[in-house]
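If you want the building blocks of each chain, they are given just below.
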Amino acid sequence: MATLGDAKRLVVKIGSALLVDAATGALRQDWLLSLAADVARIRKRGTDVILVSSGSIALGRGILGLPVTALPLEQSQAAAAVGQIRLARAYEEALRPHGIVTGQVLVTLEDSQDRRRYLNSRATMETMLGFGVTPIVNENDTVATDEIRYGDNDRLAAQVAVTAGADQLVLLSDVDGLYTANPKLDAQARHLPMIDRITPQIEAMAGDAGSGLSKGGMITKLMAARMATEGGCAMAITLGSEMHPLRRLEEGARATWFAAQTDPQTARKRWIAAMKPKGAFIVDAGAARALGQGKSLLPAGVRQVTGTFGRGELVAITDREGAHLGQGLTRYTSAEARRIMGRHSADIAAILGYEGRAALIHRDDMVL
């Protein structure tokens, strides 16, 4: 069974019902401070932490005096615009005393469906974590419509975990895990501490009951678990309403853990390997040797570019004899790649007119 002590990169999802008092619409300040202390302790042992937080609409509706009922789209977006400022400031104020810098990341479903946006989101979070920043991620409710919404932060958190290559995801919830039936309705319902694989029988155990401010029920949590575990990330559902919820989980609080089906890097490589290339980079012998040593593909080693493709699309890598060496996600369009091929990475800015990335294909985005 996974434990938080094993995590190298941890994503924590916080629901609106935990962060905002349903009766008053006010932030649960003491609870947030206890969570911040937990995050600080986990980071001190070298674990990267990303927080996926609901709460912008709930906070905004409290500030604007809107009712705790379903709101028209325009009112939801207005509440989100007001609440996002308050939410970001709340996390900044809670984590700053621990010496933790925060950064806000707003996303929509489109950002994970579009390969270029997906790569940009991944690179941004990776860079933030490299600087020691704790990203605070939320759905961009200010602009999102039903067509481009996740609709719940359980699945958003799972997508963030997969995008960031996290090995653990914790859903802080209003329930302490998965039961064989709804424990509020069935006194015989039995808690399940560990799920090795999500089967149809497991899915049939889920009900869909959420709280007044939260849209996620157990069905969405199982959907999140499937996405996360197939992406190489173990996931836990645990009760988040008590003070210091992450410390409590570490100390053995009741939870349901879902086992990862692979590791994050293997899952990502498998995804890349299954895609169909839109073009090819034909490389020289020096580049081929460098790739074999685990290096990224730089423009200097490319001798020809074939096909038409955009940033983030899959491109094959071949040698001059036509042998397939591998494939990966390109950081440049085919037109840009043709302009910089054979040139040193230091020349990219002068050629393209902007600071680009050094590699055409980074080794993390490549399968050989």
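## Brief notes about the pattern of salt bridges
Then comes step 1: Overall, the coordinates contain 15 salt bridges when judged by the stated rule.
Then comes step 2: Across the pair Asp 154 and Lys 13 runs a salt bridge, and its minimum N-O distance is 3.0 Å. On the criterion of sequence distance, the pair formed by Asp 154 in helix α7 (residues 153-164) and Lys 13 in strand β1 (residues 9-14) is long-range, its members being 141 residues apart. Lys 13 carries the same exposure label as Asp 154, and that label is buried.

## Some remarks on the sheet that holds strand β14 (residues 324-329)
Then comes step 1: The 5 strands lie next to each other as β12-β11-β13-β14-β15, forming an open sheet whose pairing is mixed. Single-partner strands in this sheet number two, and they are β12 (302-307) and β15 (366-367).
Then comes step 2: Packed on one face of the sheet, helix α11 (residues 264-273) meets β13 (314-319), β14 and β15 and runs near 105 degrees to β14.
Then comes step 3: Strand contacts of helix α12 (residues 285-292): β11 (279-283), β13, β14 and β15, with the helix running at about 105 degrees to β11, the strand carrying the most contacts.

## Let's talk about the pairing of strand β9 (residues 234-239)
Then comes step 1: A large share of β9 lies buried, amounting to 5 of its 6 residues.
Then comes step 2: The pairing of strand β5 (residues 168-173) with β9 spans 6 bridges and is parallel. By the bridge assignment for β9, Gln 168 is matched with Ala 234.
Then comes step 3: Inspection of the sheet shows β9 paired to strand β10 (residues 255-258) by 4 bridges, in the antiparallel sense. Paired with Thr 238 across the two strands is Ala 255, which belongs to β10.

What counts, and at which threshold
- Residues numbered from 1 in each chain as written.
- Predicted model: local features only at pLDDT ≥ 70, side-chain atom pairs only at ≥ 80, totals over all residues.
- Heavy atoms only, no water.
- Salt bridge = Lys/Arg side-chain N within 4 Å of Asp/Glu carboxyl O.
- Helix = DSSP H or I, 4+ residues; strand = E, 2+ residues; numbered from the N terminus.
- Buried < 20%, exposed > 50% of the residue type's maximum accessible area, 1.4 Å probe, protein only.
- Pairing = 2+ DSSP bridges.
- Contact = heavy atoms within 4.5 Å.
- Axes fitted to C-alpha atoms, helices over the stretch in contact; angles between N-to-C directions.

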